[in-house]
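# Survey of secondary and tertiary structure
As a plain string of letters, each chain reads:
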Amino acid sequence: MTYHLSTNVILSTAQALAALQALACDDEERSVLAPVLCRQRQGMFALMVRNAFADVVLRLGPLVLDTSLDGETPDTAPDDAETSGMPDYEMWVELLTPRSFSSTRHGIVRRALEQAVAFAALEAWCSGSASGERSVMSERFASLATRWQRTVVSALSPEVYPTIRQEG
């Protein structure tokens, strides 16, 4: 099954998660998260979302049949336009799915992928500095990203569903 993800949807998810975290943290942590909520930095954070998508896809390993970062190829690199505006980049990943996997479950897997990417992007943002607060928050977000990645793997696990098929 192919799961299509939108940088804008994941960006909105990450911003909502950062805003919720900011409500429950101290001023120092809030100052780390504030730039994520700033419209002027959305282009930069959108690039981090794309990088987080690549990280999550690589961690899914043998479940991944194919993937795309808006048509990027091995010999292309992100250009300056990616950090200056807010285009919606389509990212997709084709995953092995169990035969018994109902079509209604695919939306749940897509949401879990979005959560994993959003938390991985927040982790990368917070690890961008050696500050102690960023380190603690980075670890917290990394743990949540890993949890969502494991949720996807578990949902598609051959141990749970012994017969895997490829959907096109």
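Reading guide: rules and limits
Residues numbered from 1 in each chain as written. Predicted model: local features only at pLDDT ≥ 70, side-chain atom pairs only at ≥ 80, totals over all residues. Heavy atoms only, no water. Helix = DSSP H or I, 4+ residues; strand = E, 2+ residues; numbered from the N terminus. Buried < 20%, exposed > 50% of the residue type's maximum accessible area, 1.4 Å probe, protein only. Polar contact = N/O pair within 3.5 Å; in protein donor to acceptor, adjacent residues only side chain to side chain. Core = buried A, V, L, I, M, F, W, Y, C linked by side-chain atoms within 4.5 Å. Contact = heavy atoms within 4.5 Å. Salt bridge = Lys/Arg side-chain N within 4 Å of Asp/Glu carboxyl O. Axes fitted to C-alpha atoms, helices over the stretch in contact; angles between N-to-C directions. Parallel < 35°, antiparallel > 145°, perpendicular 65-115°, else oblique. Nonpolar A, V, L, I, M, F, W, Y, C, P; charged D, E, K, R; others polar. pLDDT = per-residue confidence, 0-100. Pairing = 2+ DSSP bridges.

### Describing the side chain of glutamate 114
Among the structural elements, glutamate 114 can be located in helix 5 (residues 105–126). Taking the relative accessible area as the measure of exposure, glutamate 114 reaches 5% and is therefore buried. A polar contact of 2.7 Å, which involves the side chain of glutamate 114, links it to the side chain of arginine 110.

### Things to note about the nonpolar core
Counting 43 residues, the largest nonpolar core has Leu33, Phe45, Phe53, Leu95, Leu113, Leu122 and Val152 as its most contacted members. Among the elements of the structure, strand 1 (2–6), helix 1 (7–23), helix 2 (27–33), helix 3 (42–60), strand 3 (90–95), helix 5 and helix 6 (132–155) are those that each provide at least two residues to this core. When sequence neighbours within four positions are dropped, the list of residues in contact with valine 152 reads Leu60, Leu95, Val109, Ala112 and Leu113.

### Here we look at the pattern of salt bridges
Scanning the entire structure with this criterion turns up four salt bridges. Arginine 59 is the salt-bridge partner of aspartate 55, the closest N and O atoms lying 3.0 Å from each other. You can see aspartate 55 and its partner arginine 59 sitting in helix 3, four residues apart, about one turn around the helix. When its relative accessible area of 30% is taken as the criterion, aspartate 55 is described as partly exposed.

### Here we look at the packing of helix 1 against helix 3
Running from N to C, helix 1 and helix 3 cross one another at 105 degrees; their axes reach a closest spacing of 10 Å. Compared by their axis directions, helix 1 and helix 3 come out roughly perpendicular. Together, Thr7, Ile10, Leu11, Ala14 and Gln15 of helix 1 and Gln42, Phe45, Val49 and Arg50 of helix 3 make up the contact between the two elements. Within the contact of helix 1 with helix 3, the residues separate by chemical class into five nonpolar, three polar and one charged.

### A look at the confidence of the model for the chain
Low pLDDT marks stretches whose predicted atomic positions should not be read closely. For the chain, per-residue confidence averages 82 on the pLDDT scale, and 80% of positions sit at 70 or higher. Within the model, pLDDT remains below 50 along residues 80–84, and this stretch shows nine contacts once partners closer than five positions in the same chain are excluded.

### Quick notes on the sheet that holds strand 1
With respect to topology, three strands assemble into an open sheet ordered 1-3-2, the strand pairing being antiparallel. Each edge of the sheet is formed by a strand with only one pairing partner; in this case those strands are strand 1 and strand 2 (64–69). The average undirected angle you get between the axes of adjacent strands in this sheet is 15 degrees. Relative to the sheet, helix 3 contacts strand 1, strand 2 and strand 3, its axis offset from that of strand 2 by approximately 170 degrees. The strands touched by helix 5 are strand 1 and strand 3; relative to strand 1, the strand with the most contacts, the crossing angle is about 45 degrees.

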